[in-house]
Amino acid sequence: MAEALTRLAARLPPWAGLAPERPAVMGVLNLTPDSFSDGGLLASADAAIAAGRAMLREGADIIDIGGESTRPGAQVVAPEEEQRRILPTIRALAAEGALISVDTRNAATMAAALAAGAKIVNDISALTHDPAAPALVAERGCPVVLMHMRGTPATMQEMAGYGDVLAEVRSELAVRLAAAEAAGIPRSRIVLDPGFGFAKKRAHNQALLQRLPELLSLGCRLLVGLSRKSFIGALSDSATPADRLGGSLAAGLYALTRGASILRVHDVAATVQAVRVWQALAG
Ligand code: HH2
């Protein structure tokens with residue numbers, strides 16, 4: 001069963017030049033003072049560049065660079081400040097050949113990051129936050145991650161009400177997918193993400209992960225961001241984000257058996273090792 005799902009994901013169109021037959025690991029580089037698990041750790045561009053290089057050495061396929069936290073209730077950051085935080089690091093790592101995604105909701109930041117050498121846009125609002133974003137992504141021809149959420153980071157947890165969570169997330173993602181295609185972004189350039197922890201309670205996250213294969217029928221590869229999230233903490237009784245490595249690895253490998261292609265993680269070395277062993281045994 002797990003092998004069949006993995007083969008199904010491997011048959012989807014290749015994305016962003018990544019090898020289609022093996023799962024990819026996206027390392028998270030948060031250049032923010034307030035991210036939920038690693039805020040404030042990378043206060044200078046030099047520290048961020050060094051952390052990005054370490055992730056590449058550890059085997060990350062993509063480095064996801066963001067300058068605005070999206071945890072519940074996080075401070076909104078102006079695009080100018082967001083760019084000030086991330087552009088020097090994007091420029092330096094892209095010049096060294098890294099595949100960079102920019103984690104932003106703002107079209108001006110997407111444009112500046114792509115000009116600095118980023119190749120992928122990762123938008124937690126699925127190109128709804130900024131009306132200029134769909135046309136920009138279509139025109140630049142870059143791969144894009146469309147994530148499911150409701151509301152904004154400030155309001156999302158009040159909107160975590162579902163009857164059938166999988167059916168509702170699936171149909172809301174289908175709407176975002178159709179809008180992106182209507183704007184001129186081909187489906188083959190789109191990866192979908194159910195948005196774990198975004199307008200979801202623990203039971204919703206768990207059901208979505210267990211029923212992940214049902215999202216594959218949308219015809220896109222799936223990315224999952226489970227790393228260190230609070231529902232991993234709740235399932236494993238581990239209080240702080242930094243204590244959630246074991247649970248994050250278990251959930252990530254489980255997601256691969258449910259058809260995910262890309263894992264967005266904070267702990268690159270441990271994840272790459274786990275994925276390699278999992279693939280040698282199951283893949
Ligand atoms: N999760 C976070 C941020 N961006 N992007 C995608 N595609 N999927 C996710 O699950 C996702 C994401 C939140 O995690 P993190 O970046 O560690 O925290 P913060 O938003 O506090 O910076």
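In what follows, the structure referred to is the one given above.
A. Here's a closer look at the overall build of the protein chain. Looking only at helices and strands, the protein chain has 10 helices and eight strands in total. A compact globule built from 283 residues should have a C-alpha radius of gyration of about 19 Å, and the protein chain, at 17 Å, falls within 12% of that. Along the three orthogonal principal directions, the C-alpha set of the protein chain runs to about 45 × 40 × 35 Å. The buried share of the protein chain, reckoned over its 283 residues, is 55%. Long-range pairs, those at least 24 residues apart, make up 70% of the contacts in the protein chain between residues at least 6 apart in sequence. For the protein chain, the computed accessible surface area is about 11300 Å², with 56% contributed by carbon and sulfur atoms.

B. Structural view of the pattern of salt bridges. Evaluated as defined, the whole model comprises 15 salt bridges. Asp61 is the partner of Arg22 in a salt bridge, and the nearest nitrogen-oxygen pair spans 2.8 Å. Remark: Asp61 occurs in the loop between helix H2 (45-57) and strand E2 (62-66) and Arg22 occurs in the loop between helix H1 (2-10) and strand E1 (24-30); sequence separation between them is 39 residues. The closest approach of N and O atoms between Arg85 and Glu81, which form a salt bridge, is 2.9 Å. Note that Arg85 and Glu81 are positioned in helix H3 (residues 79-95) at a spacing of four residues, about one turn of the helix.

C. Quick look at the side chain of Gln83. Position of Gln83 among the secondary structure elements: in helix H3. A distance of 3.1 Å separates the side chain of Gln83 from the side chain of Thr109, its partner in a polar contact. Aside from chain neighbours lying at most four places away, what touches Gln83 is Pro88, Ala108, Thr109 and Ala112.

D. How the structure looks around the state of the cysteines. Throughout the structure, instances matching the rule amount to zero disulfides. Note on Cys142: no disulfide assigned, nearest cysteine sulfur contributed by Cys220 at a separation of 15 Å. Under the relative-accessibility criterion, Cys142 is labelled buried at 4%.

E. Spatial organisation of unusual backbone geometry. With a phi close to 55 degrees, Ala16 is a non-glycine residue in the positive phi region. Mapped onto the secondary structure, Ala16 falls in the loop between H1 and E1. Among the residues examined, Ala16 registers a relative accessible area of 26% and is labelled partly exposed.

Quick notes on the rules
Residues numbered from 1 in each chain as written. Predicted model: local features only at pLDDT ≥ 70, side-chain atom pairs only at ≥ 80, totals over all residues. Heavy atoms only, no water. Helix = DSSP H or I, 4+ residues; strand = E, 2+ residues; numbered from the N terminus. Rg over C-alpha atoms; globule rule 2.2 N^0.38 Å. Buried < 20%, exposed > 50% of the residue type's maximum accessible area, 1.4 Å probe, protein only. Contact = heavy atoms within 4.5 Å. Areas by Shrake-Rupley, 256 points an atom, 1.4 Å probe, with all protein chains shown as cover. Salt bridge = Lys/Arg side-chain N within 4 Å of Asp/Glu carboxyl O. Polar contact = N/O pair within 3.5 Å; in protein donor to acceptor, adjacent residues only side chain to side chain. Disulfide = S-S within 2.5 Å.

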